[in-house]
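Spelled out from the first residue to the last, the chains are:
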Amino acid sequence: MTLQRRDFFKIAAAGSAVLVAGKATASTESTSADFSDNFGVLVDTVACIGCRKCEWACNDQNHLPTQELKAFEDKSVFARHRRPDKSAYTVVNQYPDPDEPDKKFAIKVQCMHCNAPACASACIVGALEKQKEGPVTYDAWKCIGCRYCMVACPFQIPAYEYDNALDPVVRKCTFCYERITSEGKKPACVAICPNEALTFAKRGELIQLARERILAQPDKYEHHIYGEHEIGGTGWMYLAGAPFTTTELPTLTSEPIPPRTEKIQHAVFKGFVPPVALYGLLALGMYTFNERKKKVAREEDRHES
Amino acid sequence: MSHDIAVPVKAKFFTKGTKVVFGIMVAGMLAYAYRLLFGIGAATNLDDQWPWGIWIAIDVASGVALAAGGFTTAALADVFHKDKFHVITRPALITAMLGYTFVVIGLLADLGRYYNVWHPMLPSMWQGNSVLFEVGMCVMVYLTVLYVEFMPILVERFRGKVNLPGMLAKLNSLSERLLTLIDKTFVRFVSLFIIAGCVLSCLHQSSLGTLMVIAPTKMHPLWYTPISPLLFLLSAIAVGFPMVIFESVLASRSFKLKPETNVLSSLAAYTPFLLGTYFAFKIGDITIREVWPFALEGSVQSLMWWIEILLGVLAPVILLAMPKVRASITGLFTAACLVVGGVALNRINVFLVAYKPLYSTNTYFPAITEIMVTVGLICALVLVYRFIVINFPVIAAHPIEQPAMTVGPNLSPVAAKRNK
Ligand code: SF4
Ligand code: SF4
């Protein structure tokens, strides 16, 4: 049920060697896949008032350690830059507006549900998967806890339960997968947002909407939809009133990340050919050198006798 | 007995030195137990920004690289039939076998759900796009191949000698038959396994270098290169022989054996070429990607890069290019240490020094328990190695007390006949 089409590995016995090879052709290699039908969210940081209700709704929905809704009105947390962690899939941070220093703007951060997720490409067992509806989901049962996904994510999103000795899991935003697919509802954070800072829709529609907002108030908005093209596009996209370099969102090119390793990987394993060829070459070498040695030995014997 | 026939080394297992090593190993085991009981968070300084530490950089990445002597020596002696080097294939094989075993033990400490380590074997979880998947599968299969390659040694040791005491005596003929079976199957086809080992090694040694290619925005430009897998492969091939030299010199010191100076210096003669190739690719890569300015930026990263390239690569290339250095055990050992240290430093640089989290608020330095586990594993490896060479026919060398000078470094006539 993944969006990426993977031709899974076959194990072939070549000689006595068991070689693992893949002739996977992932869609992440071709950027032709159209993600406009995927679910997405547009985060309009101009409309965001930094009320942190989304944090509460998320904790509540995902049974994370939480407090009463009222406690989230506390603005003192903004003094520190926070990141999502094992007990918070989303956090809101606040930054001074570079144009009007006494004004602030807030930005909600969480997993971006990338079109070509590096985390899923990295995961050794496919515990992280891009679903066809858009969300990147995590299956703790498969996970071996290698944390390669954390190395791979360009937004530094996956968090780990380091303090859990027995069955630690990777923690990140689920995009309320069940809620938005089988239950047909909006994600919990979007549902609670009082100010239309969060809009939940199909990705294609969101890009339209974002363009309209920029066109309607070109002075107010930065002319850039963050996530439309970044690393091949993301499910969650942002609008801002100031350059994105003043936010915590990293500056990224439009080049998706997974092909960087997948191309190498698939070249090395192209239909088994390189490993089998190497095997054959070495076997041939072994045989030839052995024959030569035997010949030399025979000749020596003849000389001796 | 001819020069190239391996015999169990006559030595006591426990000496003053081994007792110290044993103590450190026990400390490491305690730290390992602490990790299992209290979790990675308690035992390491890892966090959400720094997901990988020295257990990956040293135990796994450096461990795999330094175990490369197994396949490079096998390729030289068994594939290219340079018979002179047969005396070192067994020590190299044991190093590789133990090296990989301890890589896996080290990796298990780092896996949050170590009991799921077998998951990548399930076809339903195969993830052909994951570099780590390929590394994992190759390492697993290669480890099996290494144990198969160990079979001849096992057969040689026990065949015709199984003599279990008392009640167990009934099992004697059974074990004999088992050994004969192993001899008839695995041992006969061991060359096929040896080639498989070479292929598998090339695959995962290079793939280890692909791992960090997935983090373009977090890696320092000096090490972020699409040819990283090639550099890893070249350096693994280059470090193989120096590692054998390093370990052989240490073993002969410890067991008071005559070092195989002639064989080792012939082996070292390949290094300037192999390591030189690696050096050329490394410099070419930096030049083509136009990242020289980063080498001059004066950061910790640039300093580490210079140490790696000058001390760990260039210096040993120059040293080992000199016949005089290759002829002396001290020279060989010094140069071998530089190569081994240089490649290990490269792995540490790639996995730790080059890694920069996006929102770093701290830097990573290993916790005491992390260091204890790593050092403890190395000590355990040394001890198991010692146990094996004392009990199995691995090393072919003469004790210093009775130097068999009549037997040249080349094969004695008897052995040469035997090898035909
Ligand atoms: S933001 Fe990170 S964790 Fe989320 S889908 Fe993208 S790569 Fe994966
Ligand atoms: S930690 Fe789990 S989810 Fe992340 S890459 Fe490893 S196996 Fe996959």
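Residues numbered from 1 in each chain as written. Chains lettered and ligands numbered in written order. Predicted model: local features only at pLDDT ≥ 70, side-chain atom pairs only at ≥ 80, totals over all residues. Heavy atoms only, no water.

Novice: Would you take a moment to explain the interface of chain A and chain B for this structure?
Specialist: Size of an interface, as often reported, equals the accessible area lost when the parts are brought together. Of the residues lining the interface, 75 residues belong to chain A; the matching set on chain B comes to 72 residues. Taken together, both faces of the contact between chain A and chain B bury some 6400 Å²; the carbon and sulfur share is 64%. Linking chain A with chain B are two salt bridges. Measuring nitrogen to oxygen at the nearest pair gives 3.3 Å for the salt bridge that ties A:Lys293 to B:Asp83. Seen at the junction of chain A and chain B, the total is 31 residue pairs in polar contact (both at pLDDT 80 or more). Going through the elements one at a time, strand 2 (17-21), helix 2 (118-122), helix 3 (148-152), strand 8 (159-160), helix 7 (258-268) and helix 8 (273-304) of chain A are the ones with two or more residues in the side of chain A that touches chain B. With 13 residues, helix 8 of chain A is the largest single contributor of residues to the side of chain A that touches chain B. Classifying every residue of the side of chain A that touches chain B by side-chain character gives 49 nonpolar, twelve polar and 14 charged. (Contact = heavy atoms within 4.5 Å. Buried area = accessible area lost by both parts, 1.4 Å probe. Salt bridge = Lys/Arg side-chain N within 4 Å of Asp/Glu carboxyl O. Polar contact = N/O pair within 3.5 Å; in protein donor to acceptor, adjacent residues only side chain to side chain. Helix = DSSP H or I, 4+ residues; strand = E, 2+ residues; numbered from the N terminus. Nonpolar A, V, L, I, M, F, W, Y, C, P; charged D, E, K, R; others polar.)

Novice: Explain the packing of helix 13 (residues 300-321) of chain B against helix 15 (residues 329-353) of chain B here, please?
Specialist: In a packed pair of helices, the relevant descriptors are the angle between the two axes and the axis-to-axis distance. Residues and elements named next belong to chain B. One way to put it is that helix 13 packs onto helix 15 with a least axis distance of 8 Å and a crossing angle of 155 degrees. Considered as vectors, helix 13 and helix 15 are oriented roughly antiparallel to each other. Along this stretch, helix 13 crosses helix 15, giving a crossing that reads as left-handed. Taking contact as the criterion, the partners of Gln301, Met304, Trp305, Ile307, Glu308, Leu311, Gly312, Ala315, Pro316, Leu319 and Leu320 in helix 13 are, on helix 15, Leu332, Ala335, Leu338, Val339, Gly342, Leu345, Asn346, Asn349 and Val353. Looking at the contact of helix 13 with helix 15 residue by residue, the class counts come to 14 nonpolar, five polar and one charged. (Axes fitted to C-alpha atoms, helices over the stretch in contact; angles between N-to-C directions. Parallel < 35°, antiparallel > 145°, perpendicular 65-115°, else oblique. Left-handed = near helix turned anticlockwise from the far one by under 90°.)

Novice: I'm lost on the pattern of salt bridges in this one. Help?
Specialist: Residue and element names in this part refer to chain A. As enumerated under the stated definition, the model contains 18 salt bridges over all chains in all. The shortest N-O distance in the salt bridge between lysine 70 and glutamate 73 comes to 3.6 Å. When the shortest N-O distance is used, the salt bridge between glutamate 183 and lysine 185 registers 3.4 Å. Since its relative accessible area comes to 45%, glutamate 183 is described here as partly exposed. (Buried < 20%, exposed > 50% of the residue type's maximum accessible area, 1.4 Å probe, protein only.)

Novice: Would you explain unusual backbone geometry in this entry?
Specialist: Comment: phi is negative for the bulk of residues other than glycine, and the bulk of peptide bonds are trans. Unusually for a residue other than glycine, A:Gln156 sits at a positive phi of about 50 degrees. By the element assignment, A:Gln156 lies in the loop between helix 3 and strand 8. Although it is not a glycine, B:Lys256 adopts a positive phi angle of roughly 55 degrees. Of note, B:Lys256 is situated in the loop between helix 9 (228-255) and helix 10 (261-268). Residue B:Lys256 is classed as exposed on the basis of its relative accessible area of 51%.

Novice: Please clarify how the packing of aromatic side chains should be interpreted in this entry.
Specialist: Two aromatic rings, taken as a pair, are described by how far apart their centres are and by the angle between their planes. Residue and element names in this part refer to chain B. Throughout the structure, instances matching the rule amount to 27 aromatic pairs over all chains. Plain terms: the ring middles of phenylalanine 13 and phenylalanine 387 are 6.5 Å apart, the flat faces sit at 75 degrees to each other, and that makes the pair edge-to-face. Note that phenylalanine 13 is positioned in the segment before helix 1 (16-38) and phenylalanine 387 in helix 16 (residues 368-391), a separation of 374 residues in sequence. On the basis of relative accessible area, phenylalanine 387 is assigned to the partly exposed category, the value being 43%. Taking the centre distance of 4.9 Å and the plane angle of 85 degrees together, the rings of tyrosine 100 and tyrosine 142 count as edge-to-face. (Phe/Tyr/Trp six-rings, centres within 6.5 Å; stacked < 30°, edge-to-face > 60°.)

Novice: Help me understand the confidence of the model for chain B in this model?
Specialist: Any segment with low pLDDT has predicted coordinates that should not be analysed in fine detail. Residue and element names in this part refer to chain B. For chain B, per-residue confidence averages 90 on the pLDDT scale, and residues scoring 70 or more make up 93% of the total. pLDDT under 50 marks residues 402-420. Its contacts with residues more than four places away, or in other chains, come to 22 contacts. Here the predicted complex carries an ipTM of 0.89, next to a pTM of 0.89. (pLDDT = per-residue confidence, 0-100.)

Novice: Just checking my understanding: could you explain the packing of helix 11 (residues 271-288) of chain B against helix 13 of chain B for this structure?
Specialist: Residue and element names in this part refer to chain B. Remark: helix 11 packs on helix 13, axes separated minimally by 9 Å, with the N-to-C direction vectors making an angle of 145 degrees. When you trace helix 11 past helix 13, the crossing you get is left-handed. Judged by residue contacts, Thr271, Pro272, Leu275, Gly276, Tyr278, Phe279, Lys282, Ile283 and Ile286 of helix 11 engage Trp305, Glu308, Ile309, Gly312, Val313, Leu314, Pro316, Val317, Leu320 and Ala321 from helix 13. In terms of residue class, the contact of helix 11 with helix 13 is made up of 14 nonpolar, three polar and two charged.

Novice: Help me understand the site of ligand 2, please; the structure alone is not making it clear to me.
Specialist: The environment of ligand 2 is formed by 13 residues, the closest being A:Cys123, A:Cys143, A:Cys146, A:Arg147 and A:Cys149. Split into classes, the residues belonging to the shell around ligand 2 amount to eleven nonpolar, one polar and one charged. (Near = heavy atom within 4 Å.)

Novice: Is there a simple way to explain the layout of surface pockets in this structure?
Specialist: It is the rolling of a water-molecule-sized probe over the atoms that shows where space remains empty. Residues and elements named next belong to chain B. Estimates place the volume of the second largest pocket at around 950 Å³. The wall of the second largest pocket is formed by 33 residues, among which Met243, Phe246, Ile378, Leu381 and Val382 lie closest to the centre. Among the secondary structure elements, those contributing two or more residues to the lining of the second largest pocket are helix 1, helix 3 (54-66), helix 5 (86-110), helix 9, helix 15 and helix 16. (1 Å grid on protein atoms, 1.4 Å probe; cavity = no way out; pocket = protein on both sides within 12 Å on 5 of 7 lines; lining within 4 Å. Points joined across faces, edges and corners; volume = space filled by probe spheres on them.)

Novice: Sorry if this is basic, but what is going on with the sheet that holds strand 3 (residues 39-44) of chain A here?
Specialist: The strands making up a sheet associate through backbone hydrogen bonding, with each pair oriented either parallel or antiparallel. All names here are of chain A. As summarised here, the arrangement of the three strands in space is 10-3-11, forming an open sheet in which the pairing is mixed. Looking at which strands have only one partner, the edges of the open sheet turn out to be strand 10 (198-202) and strand 11 (236-239). Across the sheet, the axes of successive neighbouring strands diverge by a mean angle of 25 degrees, strand direction being ignored. Where strand 3 and strand 11 come together, four bridges link them in parallel fashion. (Pairing = 2+ DSSP bridges.)

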